[in-house]
Amino acid sequence: MDHPSQPSVRHFDHCPWLFADEATDEQRAAQRMVQRAVGGDTGIGERCYVAASAAVFPDRLRLGDDSYIAAHAYVTGELETGSHCTLNPFTTVRGNVALGHGVRIGAHTSLLGFNHSMAPDRPVFRQPLTSRGIRVGDDVWIGSQVIVVDGVTIGDHCVIGAGAVVTRDLPAWSVAAGNPARVLRDRREVRGVEATAASDPASASASASASASASASAVSGIRPDDGRTPAGRPAPQSGPGAVAAGDPERAPRDRRAVQEATAVSAETAAGAEAADLHGMRPGGGRTPATRPAVGTGPRAATLAAFADTARDQAAGLLDRCWDGERYVDRPGAAPTVRAHCDAVEIADLLLGAVPEHLSAEEHIGRLSGLQDPKSGLVPEFGEPLPAADTDGFIGEGAALYHVLCVGYALDLLGPGLPHPVRGVRNMTARQLVARLETLPWHTGAWGAGAWVDSLATAVHWNLRHDDGGGDNGHGTPESLFGWLLTRADPWTGMWGSPSAEEGRLQVVNGYYRLTRGSFAQFGLPVPYPERVVDAVLDHARDARHFGPGRENACNVLDVAHPLWLCTQQLGRGAVGYRSGEMHDWAERQLTTVLPRWRDGLGFGFGPGAAGPGPEPGLQGTEMWLAIVWYLADLLGRSDELGYRPRGIHRPEPTRQGIAGLG
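Residues numbered from 1 in each chain as written. Predicted model: local features only at pLDDT ≥ 70, side-chain atom pairs only at ≥ 80, totals over all residues. Heavy atoms only, no water.

1. Topic: the nonpolar core
Selection criterion: In these notes, a set of buried Ala, Val, Leu, Ile, Met, Phe, Trp, Tyr and Cys residues joined through side-chain atoms within 4.5 Å is what counts as a nonpolar core. Partly exposed describes any residue whose relative accessible area lies between the buried limit of under 20% and the exposed limit of over 50%, with all areas from a 1.4 Å probe on protein chains only and scaled to the type maximum. Strands are runs of DSSP state E lasting at least 2 residues, helices are runs of H or I lasting at least 4, and numbering of each runs from the N terminus. Whether two residues are in contact is decided by their heavy atoms: any pair within 4.5 Å suffices.
Ranked by size, the top nonpolar core spans 116 residues in total, and within it Phe-393 and Tyr-643 carry the most contacts. No other element matches the 12 residues that helix H11 (residues 398–413) contributes to this core. Non-local contacts of Phe-393, meaning those with residues more than four positions away in its chain, are made with Leu-377, Ala-388, Leu-400, Val-421, Gly-423, Val-424, Met-427, Arg-435, Trp-451, Ser-454 and Leu-455. Within the second largest apolar cluster, 45 residues are counted, among which are Val-38, Val-136, Val-148 and Val-152.

2. Examining the pairing of strand S18 (residues 174–177)
Put simply, the rule reads: One requirement defines pairing of two strands: DSSP has to find at least two bridges between them.
In S18, alternate side chains face the same way, and those of Ser-174 and Ala-176 on one face and Val-175 and Ala-177 on the other are all buried. Inspection of the sheet shows strand S16 (residues 159–160) paired to S18 by two bridges, in the parallel sense. Residue pairing for S18: Ile-160 is matched across the bridge by Ala-176.

3. Quick word on the packing of aromatic side chains
Spelled out, the test is: For this analysis, a ring pair means two rings from Phe, Tyr or Trp (six-membered ring only for Trp) whose centres lie within 6.5 Å, classed as stacked if their planes differ by under 30 degrees, edge-to-face if by over 60, and tilted for the remaining angles. Ring-over charges, as used throughout, are those where CZ of Arg or NZ of Lys falls within 6 Å of the ring centre and within 35 degrees of the ring normal.
Considering all chains together, one arrives at 18 aromatic pairs under this definition. Ring centres of Phe-481 and Phe-522 lie 5.7 Å apart, and the angle between their planes is 75 degrees; on these two criteria the pair is classed as edge-to-face. One end of the pair, Phe-481, is in helix H15 (residues 475–487); the other, Phe-522, is in the loop between helix H16 (505–520) and helix H17 (529–540), with 41 residues separating them in the sequence. Comparing Phe-481 with Phe-522, the two get one shared label, buried. By way of ring pairs, the aromatic residues Phe-481, Trp-495, Tyr-511, Phe-519 and Phe-522 are connected into one cluster. Sitting over the face of the ring of Phe-19, Arg-28 holds its NZ or CZ atom 5.6 Å from the ring centroid. If you follow Arg-326 out to its NZ or CZ, it ends over the ring of Phe-381, 4.5 Å from the centre.

4. Notes on the packing of helix H20 (residues 579–593) against helix H21 (residues 618–634)
Formally: Every axis corresponds to a line fitted to the C-alpha atoms, with the helix fit spanning only the stretch in contact, and the corresponding angles, defined between N-to-C directions, vary from 0 to 180 degrees. Crossings are sorted by hand: turned counterclockwise from the far helix by less than a right angle, the near helix makes the crossing left-handed, and turned clockwise it makes it right-handed. Residue classes follow a fixed rule: Ala, Val, Leu, Ile, Met, Phe, Trp, Tyr, Cys and Pro count as nonpolar, while Asp, Glu, Lys and Arg count as charged, and any other residue, Gly among them, counts as polar.
Close contact between H20 and H21 brings their axes to 9 Å; oriented N to C, the two are set at 145 degrees. The handedness of the crossing between H20 and H21 is left-handed. In this structure, H20 contributes His-583, Trp-585, Ala-586, Gln-589, Leu-590 and Val-593 to the contact, and H21 contributes Trp-624, Val-628, Leu-631, Ala-632 and Leu-634. Taken together, the residues that form the contact of H20 with H21 break down as nine nonpolar, two polar and no charged.

5. Some remarks on the confidence of the model for the protein chain
For clarity, the threshold we go by: As a per-residue quantity, pLDDT reports the predictor's confidence and falls between 0 and 100.
Summary statistics for the protein chain give a mean pLDDT of 82 and a share of 79% for residues scoring 70 or more. Mean pLDDT values over the elements of the protein chain span from 31, in helix H7 (residues 266–278), up to 98, in helix H9 (residues 337–351). Low confidence marks residues 191–300, where pLDDT is under 50. Its contacts with residues over four positions away, or in another chain, come to 152 contacts. Segment residues 467–473 is flagged for pLDDT under 50; beyond a separation of four residues in sequence, or across chains, it makes 13 contacts in the model.

6. Focus: the side chain of Thr-91
Relative to the helices and strands, Thr-91 resides in the loop between strand S6 (86–87) and strand S7 (92–99). Overall, Thr-91 belongs to the buried group, its relative accessible area being 0%. Apart from the residues lying within four places of it in its own chain, the contact partners of Thr-91 are His-72, Ala-73, Tyr-74, Ile-105, Gly-106, Ala-107, His-108 and Thr-109.

7. Topic: the sheet that holds strand S2 (residues 49–50)
With mixed pairing, the eight strands of this open sheet are ordered in space as S2-S4-S6-S8-S13-S16-S18-S19. Among the strands making up the open sheet, the edge pair consists of S2 and strand S19 (182–186).

8. Looking at the pairing of S19
Pairing geometry for S18 and S19, over four bridges, is antiparallel. By the bridge assignment, Ser-174 is partnered in S19 with Asp-186. In textbook terms, the turn of a hairpin is the stretch between consecutive antiparallel strands, and for S18 and S19 this stretch comprises four residues, one of which, Gly-178, has a positive phi near 105 degrees.

Here it is, written out as C-alpha cells:
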C-alpha cells in the first residue's frame, strides 16, 4: 500500500517521468512485475516504465532505455523504439511502428501502422489486414490528438502540431500541422540563429535547439522533458494557432500559414478521412488523381527520343573530341587520360562498341601502356609519376582518379589493368587506419571520400591479381569497412561535417565517392540508409547548389546515386522510404536536364568551380548520360532509355562482397 505522502501507482501511470526519482523500492518491484507480465516477444530497456493501466498486447515489443508507456495507452502489433521515447496517456500505437531516439508522443495520439483493404468483393469485416508500417526518425515531437496513418515516414527533428492528420511523409526538420498535415516551415528557420551559425556553429546549434524547443512547445502542445509546465509560466497553447505566440512580427505571416494548412474544404477533409481508412497518401504510396502516373504521358516518349538522339549523334560528338592523335574533353582543350576513358565509356554506353578512331587492340595498348608497372599508377600526360606517401599510396592528384577511369575503361575493353596498385596492395591495416584518421573529414569531406573511392577501387583491381606476392590487398578491405562502419554518423549515415558556407555539399559529394568505391562496388549494404535519404533530400533543397541554373553534373550525380543506392535496401517504388519525394526530385531533374543536350555536342558539365565548365564535352556527356539513367531508374523507367551504365557509374556491384564480409 502506498504511503499517504508518496505518489501512488495511479499517479505514476499518468506521470511516469516522476517514477525514476520518486518511486519506493516496493513500487519498483511492482513495476518489474508489470513489465515481466507483458506478453509477446518483448524486450524492455533500462529505467523504463509501463503503466499498469495500459493495454500492452504486442506481437513484438522493443522499448529502448529511459522510455515509457503511460496510462491507458493501447499498444498492439510490432513496436520498436529507441531510447528516451514517450507514449503519453491514451496514445494508441498499432500495427508495425518504429520510433527513433528521443521521440515524444502527446496524449490521445494514434499511430496506425496497419490497415484494412476495402475491395467491393466482400464485406469490410472480411477484408484482409495490410501493413506498410510507420517510421519515425530521431528527435521528433508529435502533439496531442494527432493521427498518423499507415505507410507514413516522419523524418528526424520533426514537430507535428496538435490535432494534425499525417497522411504523407514529412521531411526532416519539418514543422507541420493541419488536416491533412502540411509543412509550415523548416524547424531550423529560427530568428537570430542563421547569423550565429555562420560565425559559431557550436553556439548556433545550442541556440537553435533552445529556440526550436520553445517553438515546438507552442506548435504541438508538448513540453520538453516531462510534460510539466515550468513554475510561474502559463501553459503553452496547444494546436496550430499557437505558432505565432510570443513573436508579434511573425504573427500575421504564421497565422496565414496555419490558416492555409487547416482551412481545408469538406472535400479535402473527406479525402483525409478516406486516407485514414485505407492508407492512400497524397503524393505518397499511390499516385494522386491530379498527377499523371509514372511512365505515362509525354515524358515516356521523351526519354526514348532523347536516348535515340544521343545514340544517333554519339559518333559525331566523339569525332569532335579526337584531335587526330588523342582525345580531348572538347575542342581547344589539352589531351587528357580521362578524356580517352570518357570516350571509351560513351561509345560502350550508346554504341556498344569502341571509339572508331582506334582499333580495340590499339585502345587497350595505349591505356595499358600508361600504367607504371612498378607502382601501378597512371600519371597525367606530360606529368611525372606522383611521389608516394610514407604508406606507399598517393594522397591527391589526377592519378587518384585514373585508378577509376583507366581501370574501368580497360575493364570495358576486356583485359583490365595489367598491374596491381602496389602501394595499396602492400599497405598494412595499421597504415590504412592511420591514413583514414588523418583525412580531412571535417574540412574537406569530398576529398576524403574521393581518396577512399580510389583506394577501394585499387583493392578491387588488386583482388584480380594473384602473382604470389604480398596478401593481394585481402587484409585492406576488412580494415577499411570496419573503420567506415564504426565512424558513420548515425544521424546522417555519412562521414564528415557540413559548413555554414557550403551546407552539406562536401559531405554528400564525399558520401557518393566513398560509397561508390566501397559499399556499392563491393555489393555491401550502407549503414543507416534512412538517415542518408533524409540528409541527401535535405541537401537537394539547398538553393546554393540546386537553384535554377546552378546544377552541375557532380552535384546532381552525388544526390541521385546515394538515393538510388539506398532504395536498393529500403524498397523501391511506392512502398519505399520517402519514395514520393525522391520521385518528385527525379522528375524535376529530368525536366531540367534533357533539354540541355546540344545537338552534335552532348552535355556540358555545368557551372561552378568543379569540373570543366558549361561547354559541352566528353566529361559532361559521360556523367549526364549516367545521371539520366539513375533519375529514370528512380522513377522505374530506365528501360525506356535502352542503355545501362557498365563502367564507373554502373549500378551493379563489380564484386559480390569480400571474404568475411560478403
